[in-house]
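Each chain, written out:
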Amino acid sequence: MSTTGPALRQLALTPTRDSGGAAGTDDRPDSRPDTGVLDEFWLERASGRAAADDPGWYFSGRAAPMSRMTRFLRDTEGVLVVTGAAGSGKSALLARLVTLSDPGFVADPRYAAMVAGIPAELRPDPGTVDVAVLARNKSARVIIEDLGAGLGHSPAPTLTRAHGHGPGTEPPLQALLRRVLERSTAAAGPVTVVVDALDEADDPLAVFNDVVLPLARLRGPDGVRLVRLLLGIRSSPEPAEPTYPAGADLLDERADHLLLRLTEALHDEGLVPGTLRTDGPDCAADIAAYAATLLLATPGSPYHGAPEAAAEAAGVIADAVAPSFLDARIAADQLRRADTRQDLTEPGWLGSLADGTTGLLREDIRAVSLATGVPADLLVAALRATAFAPGAGLPWAEVWPAVTTALVAAEYGAGYVGTYTADHAIRTLRASRLTGYLATDEEDARTVYRPVHQRLTDLLLADPSWLLAPSSATESTWWRPDGERQVLVSAHAALAQALAGLVERSGPRPAHPYVRRHFLHHAAAGEVLDDLHVPLELLAQESSGSLRARLGLPLPITSPHLKC
């Protein structure tokens, strides 16, 4: 979009906060230095696209949850928790709410017909969402900075050393709360804040305590709450909900514990949060409508112009994968790319549906490998590389091939593949249906990639060999193998060594921004954060600001992050 209003503009993930040379600029074909990539990332979530290059808008159904969220924005203060099982559309609903509240999006001629067709009760008023961020892989400090940037900067009051801070600085949380107060006063109403993927934050409990609760507590002089919060967090299906085919695979005790802690903390503040579940009994019908829309909309699809065939296939998909819209998207994308219509009774296809996203990914890896000649294990390694990335994701340039090569070397030995071969595998992945398993984002003004869902991240990290084995030779559900921790430690150590090699090859130029920001993460996770493995020249460039904390050193007395 050429013009971005406040809601989409503030959805931008962390803009670069460190300066440096242009070394490592991503020169791959899909590198987009302009900020339009940020809009596209959230539009992809809101539209239900199968991939970033898909221009369609497939969001279907979901009238009840959209109506509930729209009413909350118009009539309610406090907190609304949007929760449900993995893949059940939490992020899509929140992204749709934020996108439709953006005045620039609503006025864009490309989306005018779609917006006009949405009933008023399902469409938020323009400008009602003030700021929204994705919490995935972010610390509380980064989320605070993102929220502050989204609300716009104003001159901060000067603090002195008597306050425990350096001259002219203001702690990020205090700056955010001050900005919220200013925005609320100017608007004569609460500031609406959306935080999605709370359970995927770097430290979710720290985000609860250091971001959510301070915002929830904020009141004006008259005692009225100044912030309206919408929070996206994963949870297990409720026992009273339908018995879904995925069964125990949908249980998530960790997320349930986090949701309980969040609810209890808000109760302690006198807030009773509303709860909107995305995996209720009506989601199967919405999934079928979504899958049918995908099947019908693509010219050249064997289902294009055949609504009855599309509806029948969509119904089978929905029955097998509910409550996962993600699984439905991938399954429908497979069918619409095929040359002929799928035999809906074929056991192999039904088995891949039953396995969900992971089963569909295994079938797609096999198909792409057969079609292109790229070994399946190399495709898996390229996908797995993105799962190790902290922050917003893994950039391409020299980083993704280096990480892929290091993972392959750790598994099969040095020299098994070179970076040229790894780069070819990445290009093949990006040009094939496998690209639908990756989400794109931006960090340090570069396009980055990560698995489209945490379930895929977990599998790629813990048991990638499951994806290479025939379905007949494995259980339908993968399990975390014994010794998983040591495997991950060894992998991170290998990645740290590969990134150190990039620093050495960069010579006098600054290292790639990903290396400057995330090398310490990989070194610490690989238990190689020591003088032998950390390049001395990197320390002067390091931009995460986490070295002292990782080494257990106190902050300097002038640090703005020290608390009074």
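All figures in this text were calculated on a predicted structure; none of them were measured in a lab. By convention here, each chain's residues receive numbers from 1 onward along its written sequence. It should be noted that, the model being predicted, local features are given only for residues of pLDDT at least 70 and side-chain atom pairs only at 80 or more, the latter also being counted only at that level, while totals for whole chains, interfaces and linings use all residues. The side-chain quantities take in all heavy atoms of the structure and omit both hydrogens and water.

One speaks of a salt bridge when a side-chain nitrogen belonging to Lys or Arg is within 4 Å of a carboxyl oxygen belonging to Asp or Glu. Enumeration over the complete set of coordinates arrives at 23 salt bridges. Arg-62 is the salt-bridge partner of Asp-286, the closest N and O atoms lying 3.6 Å from each other. Of this pair, Asp-286 sits in helix 11 (residues 283–297) while Arg-62 sits in the loop between helix 2 (36–47) and helix 3 (63–75), and the two are 224 residues apart along the sequence. Each member of the pair, Asp-286 as well as Arg-62, carries the same accessibility label: buried. In this structure, the salt-bridge partner of Arg-179 is Glu-182, at a minimum N-O distance of 3.2 Å. In this pair, Arg-179 and Glu-182 both sit in helix 8 (residues 172–187), three residues apart, roughly one turn of the helix. Buried, partly exposed and exposed residues are distinguished by accessible area as a fraction of the type maximum, computed with a 1.4 Å probe on protein chains only: under 20%, between the cut-offs, and over 50%, respectively. Classification of Arg-179 as buried rests on a relative accessible area of 17%. Taking relative accessible area as the criterion, Glu-182 reaches 31% and is therefore assigned partly exposed. To qualify as a helix, a DSSP run of H or I must reach at least 4 residues; to qualify as a strand, a run of E must reach at least 2; elements of each kind are numbered from the N terminus.

Our focus in this paragraph is the packing of helix 11 against helix 13 (residues 325–337). Describing two packed helices takes the angle between their axes plus the distance from one axis to the other. Lines fitted to C-alpha atoms define the axes, with helix axes restricted to the stretch in contact, and inter-axis angles between N-to-C directions lie between 0 and 180 degrees. One can describe the packing of helix 11 onto helix 13 by two numbers: an axis separation of 9 Å at closest approach and a directional angle of 25°. Here helix 13 runs roughly parallel to helix 11, going by the angle between their axes. Helix 11 and helix 13 meet at a crossing whose hand is right-handed. Contact residues: helix 11 offers Cys-283, Asp-286, Ile-287, Tyr-290, Ala-291, Leu-294 and Leu-295, while helix 13 offers Phe-325, Ala-328, Arg-329, Ala-332, Leu-335 and Arg-336. Convention used here: angles under 35 degrees read as roughly parallel, angles over 145 as roughly antiparallel, angles from 65 to 115 as roughly perpendicular, and any remaining angle as oblique. Helix crossings are classified by the rotation of the near helix relative to the far one: an anticlockwise turn of less than a right angle makes the crossing left-handed, while a clockwise turn makes it right-handed. Here, residues are in contact when the closest pair of their heavy atoms is within 4.5 Å.

Next up on the list: the packing of aromatic side chains. For this analysis, a ring pair means two rings from Phe, Tyr or Trp (six-membered ring only for Trp) whose centres lie within 6.5 Å, classed as stacked if their planes differ by under 30 degrees, edge-to-face if by over 60, and tilted for the remaining angles. Here the structure, examined in full by the defined rule, presents six aromatic pairs. Aromatic side chains Phe-105 and Tyr-111 sit 4.6 Å apart centroid to centroid with 25° between the ring planes, which places their arrangement in the stacked category. As far as the burial class goes, Phe-105 and Tyr-111 line up, both buried. Ring geometry for Trp-396 versus Trp-400: centroids 5.8 Å apart, planes at 70°, classification edge-to-face. The pair Trp-396 / Trp-400 is uniform in exposure class, with both members buried. The residue whose ring lies beneath Arg-341 is Tyr-303, and the NZ or CZ to ring-centre distance is 6.0 Å. In this scheme, Lys NZ or Arg CZ marks a charge over a ring once it lies within 6 Å of the ring centre and within 35 degrees of the ring normal.

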